Amino acid sequence: MIVFDKNSQQQLIDLNKSKNIALEGNIAKVINTSDNGEFKEYIDYCITKDRDVRRRRLDMTKQVQSQNKELSDLNLENQRIMIELQHTLDSVEESKTQIEMQNKELIAWKEDNQRISEELHVAMSKSESARLEAENAKQAAMNDLDLLQKKSQTELIGTIVKVALGVIITVGIITTIMYMISLFMNKDTQIIGSTWSNMFGILLTNAFSIIGTIMGVKYASKENNS
Amino acid sequence: MIDSILLVDDEDLFHLVFEDACSLLDISLSLKSLNSSDEAAKLFKKWLTEDSSERPECVFVDLNIIGSSFDGIELIRKINFEYGNHVVIGIISSSNEPEEQAKAIQAGAQFWIIKSDDIEPRLEEFRNDYESYKNRTAPFKVYK
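The rules behind each value
Residues numbered from 1 in each chain as written. Chains lettered and ligands numbered in written order. Predicted model: local features only at pLDDT ≥ 70, side-chain atom pairs only at ≥ 80, totals over all residues. Helix = DSSP H or I, 4+ residues; strand = E, 2+ residues; numbered from the N terminus. Buried ≥ 20, exposed ≤ 12 C-beta atoms within 10 Å, placed from the backbone. Contact = placed C-beta atoms within 7 Å. Pairing = 2+ DSSP bridges. Axes fitted to C-alpha atoms, helices over the stretch in contact; angles between N-to-C directions. Parallel < 35°, antiparallel > 145°, perpendicular 65-115°, else oblique. Nonpolar A, V, L, I, M, F, W, Y, C, P; charged D, E, K, R; others polar.

Student: Help me understand the overall build of chain B, please; the structure alone is not making it clear to me.
Tutor: Helices and strands together make up the secondary structure of chain B, namely five helices and six strands. Of all 144 residues assigned to chain B, the portion counted as buried reaches 38%. In chain B, of all internal contacts separated by at least 6 residues, the share reaching a separation of at least 24 is 66%.

Student: Explanation requested: the sheet that holds strand 2 (residues 31-34) of chain B in the structure shown.
Tutor: Note on sheets: strands pair through backbone hydrogen bonds, and any given pair is parallel or antiparallel. All names here are of chain B. On the basis of which strands lie adjacent, the open sheet formed by six strands has the order 2-1-3-4-5-6 and parallel pairing. Taken across any chain shown, the strands that pair with only one partner, and hence form the sheet edges, are strand 2 and strand 6 (141-143). Across the sheet, the mean angle separating the axes of adjacent strands is 20 degrees when strand polarity is ignored. Two strands pair when backbone bridges link them, and strand 1 (residues 5-8) and strand 3 (residues 58-61) are joined in this way by four bridges, in the parallel orientation.

Student: Can you help me understand the packing of helix 2 (residues 37-49) of chain B against helix 3 (residues 72-81) of chain B in this one?
Tutor: Two packed helices can be described by the angle between their axes and the distance between those axes. All names here are of chain B. It is the contact of helix 2 with helix 3, at a shortest axis distance of 10 Å, that shows an interaxial angle of 5 degrees. Classified by the angle between their axes, helix 2 and helix 3 sit roughly parallel to one another. Together, S37, A40, A41 and F44 of helix 2 and G72, L75, K78 and I79 of helix 3 make up the contact between the two elements. Of the residues contributing to the contact of helix 2 with helix 3, the split by class is five nonpolar, two polar and one charged.

Have a look at this one:
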């Protein structure tokens, strides 16, 4: 314990009374006050005053500490939010990159589709041309066949007509010769005459009928060709 | 009353809180505060080899001391096993992790005081138990 002499004790007491300056801190707790009641009262006052100051300071320090902790927590929360934002941003950037890649792929697909479509269009045009050519060829072949058939028919008809005309002319000539012989030989010509007349009428009729048929066939062939 | 106390904590504001609380509770009249475990280790090394009269009677160490080479538990281990086991020593931290407390016991910590806004009741309780720590008769205790 620290011991002050009477004079020092009185000086400290007077200083407190005149200028309100008192001892502060733990020093007051280690001063011996057993021999002076007034000095003990002064030291008790110093200790109480120091306690009040410390209590106020402690409360304020705690308050500041609490505010610091809140600020620190807020800072941590901000950092956490910033990290989350950064993650979100990274995710968005990644999505953007993926979308860009998908867009590129889609554009490539579109170009491929366009190219394939053009190729298909060309192929369809070629196919259409080939179809038309085939149809033309078919038509030409059919025409040729028709012509061939008609030609064959015409030739057949011609042959028939020739044979028929030959037969008619031959029969006519024979009948005429027989009729003339009968006339020159003064034989009975009644039968042969009526026969020749009938025969000649029939032959002419048939001849004109054949000619009419030929003309009709030719006319019909011309209409089909046109 | 504890003769002298050393506080090792990186938080300056807590130095003020601890000093005022110790004064108001009459825990000790002599208090020294340090910000780093390196500085504390250096002082204990000095007290081991040179004058040990300044060595504190009780040491309060923060668990995580920012800006130091090692944490509070390592400082306690060094003080107990390298610089002589002459002090009452423990952790004062806002953490209450049993794993850390187990490590602290292994390092030689005698108590664990949890920091909070209302530190005075815990320090008062510690003050009442102090003699048993000094006599090495008290088991490890956590002041919640």
